[in-house]
Amino acid sequence: MGWLDALFGRSKPVKPNLDALFALPSAAITLQAATGLAPTGLGSVAFRAAEGGAFAAVERDAKALLGDRVEESDDDYGYTWLLVRRPPDALSDLVTELHAVNSTLEGAGFGPSLLCSLASFTDPDGRRLAIVYLYKRGTFYPFAPLPGQRRDNALELQVRGALATELPLEEDLGRWFPVWGAPGL
């Protein structure tokens, strides 16, 4: 960053580190011990689809990597979601496949189209949680939905405390965006 950037309060955006996704399986062990939340085997990648044949080909390639374990859907905000299904005890495989989708899109020059990736967790009491990776920030945050588009803020803060040393967590709580209706959550 140059001195003019510092003078005007500008900062360089954080470069995403998709390899941070590989920390999720070990973080899941800590999460389960601290909260009782276990992986569901569901994870998603959200991106804004671009027009044109080049993007369609890359999207086709990403879906072909996953075969019948992937479902595509669109949300009300114009994002496309790829939902990946694996057995609940195969979080490492799920993370590898989420990483492959992200890497395929990024490698083809569509990194700016990526929004987030998430892995879902639940407990015997029915509490739900997603650990969300914000692509453009290179950070994670917990999202715990409740019925009626409310959030379980206490659970989110408990998860933040439990995973503080496991994952690069988003420090700005204002960036803990709700992902209502995200596939797999």
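Provided above is the structure to which this section pertains.
Quantities reported herein were computed from a predicted structural model and do not represent experimental measurements. (Residues numbered from 1 in each chain as written. Predicted model: local features only at pLDDT ≥ 70, side-chain atom pairs only at ≥ 80, totals over all residues. Heavy atoms only, no water.)

Draft legend 1. Representation of the sheet that holds strand S5 (residues 128–134). Spatial ordering of the open sheet is given by S2-S3-S1-S4-S5-S6, a layout of 6 strands whose pairing is antiparallel. Both edges of this open sheet fall to strand S2 (70–74) and strand S6 (139–143), since each of them pairs with a single strand only. Adjacent strand axes in the sheet meet at a mean angle of 20°, parallel and antiparallel pairs treated alike. Contacting strand S1 (38–47), S2 and strand S3 (80–85), helix H3 (residues 53–66) crosses the sheet at an angle of about 140° to S2. (Pairing = 2+ DSSP bridges. Helix = DSSP H or I, 4+ residues; strand = E, 2+ residues; numbered from the N terminus. Axes fitted to C-alpha atoms, helices over the stretch in contact; angles between N-to-C directions. Contact = heavy atoms within 4.5 Å.)

Draft legend 2. Broad picture of the packing of aromatic side chains. One pass over the structure, following the stated rule, counts 3 aromatic pairs. Judged by centre distance (5.0 Å) and plane angle (55°), the rings of Tyr133 and Phe140 are tilted. Exposure remark for Tyr133: the relative accessible area of 1% places this residue in the buried category. Ring geometry for Tyr141 against Trp176: centres 6.2 Å apart, planes inclined by 20°, an arrangement best described as stacked. A residue pair is termed long-range when its members are at least 10 positions apart, and Tyr141 in strand S6 and Trp176 in the segment after helix H5 (153–163) qualify at 35 residues. The residues Tyr141 and Trp176 share a single accessibility class, namely buried. For Arg48, the ring lying beneath its charged end belongs to Tyr79, and the centroid distance is 4.1 Å. (Phe/Tyr/Trp six-rings, centres within 6.5 Å; stacked < 30°, edge-to-face > 60°. Buried < 20%, exposed > 50% of the residue type's maximum accessible area, 1.4 Å probe, protein only. Lys NZ or Arg CZ within 6 Å of the ring centre and 35° of its normal.)

Draft legend 3. Inspection of the pairing of S6 at higher detail. Most of S6 is tucked away: 5 of the 5 residues are buried. Residue alternation in S6 divides its side chains into two sets, Thr139, Tyr141 and Phe143 and Phe140 and Pro142, and both sets are buried. As judged from the 5 bridges shared by S5 and S6, these two strands associate in the antiparallel manner. Across the sheet, residue Leu134 finds its bridge partner in S6, namely Thr139. Taken together, S5 and the strand that follows it, S6, pair antiparallel across an intervening segment of 4 residues, in which Gly138 is found at a positive phi of about 70°.

Draft legend 4. Structural detail: H3. When the terminal C-alpha atoms of H3 are compared, their 20 Å separation across 14 residues agrees well with the 20 Å that a helix rising 1.5 Å per residue should span. For H3, every residue scored as buried is listed here: Phe55, Val58, Glu59, Ala62 and Leu66. Down the axis, H3 shows its buried residues gathered within 100° of arc, on one side only. Residues of H3 that are exposed and angled more than 90 degrees away from the buried face: Gly53, Ala54, Arg60 and Ala64. (Expected span 1.5 Å × (residues − 1). Arc of directions from axis to C-beta.)

Draft legend 5. Structural detail: the packing of helix H2 (residues 24–35) against H5. Where H2 meets H5, the closest approach of the two axes is 9 Å, and the angle between their N-to-C directions is 125°. In terms of axis orientation, H2 runs oblique to H5. Two packed elements cross with a definite hand, and for H2 against H5 that hand is right-handed. Seen from H2, the contacting residues are Ala27, Thr30, Leu31, Ala34 and Thr35; seen from H5, they are Gln158, Val159, Ala162 and Leu163. (Parallel < 35°, antiparallel > 145°, perpendicular 65-115°, else oblique. Left-handed = near helix turned anticlockwise from the far one by under 90°.)

Draft legend 6. Just unusual backbone geometry, in detail. With a phi angle near 50°, Gln149 is a residue other than glycine that sits in the positive phi range. Within the secondary structure, Gln149 sits in the loop between strand S7 (145–146) and strand S8 (150–151). By relative accessible area, Gln149 is classed as exposed at 56%.

Draft legend 7. Quick look at the pattern of salt bridges. One pass over the full model with this rule turns up 9 salt bridges. For Glu97, the salt bridge goes to Arg86, with nearest N and O atoms at 3.4 Å. Of this pair, Glu97 sits in helix H4 (residues 91–110) while Arg86 sits in the loop between S3 and H4, and the two are 11 residues apart along the sequence. What emerges from the salt-bridge pattern is a single network uniting Arg69, Arg86, Asp93 and Glu97. (Salt bridge = Lys/Arg side-chain N within 4 Å of Asp/Glu carboxyl O.)

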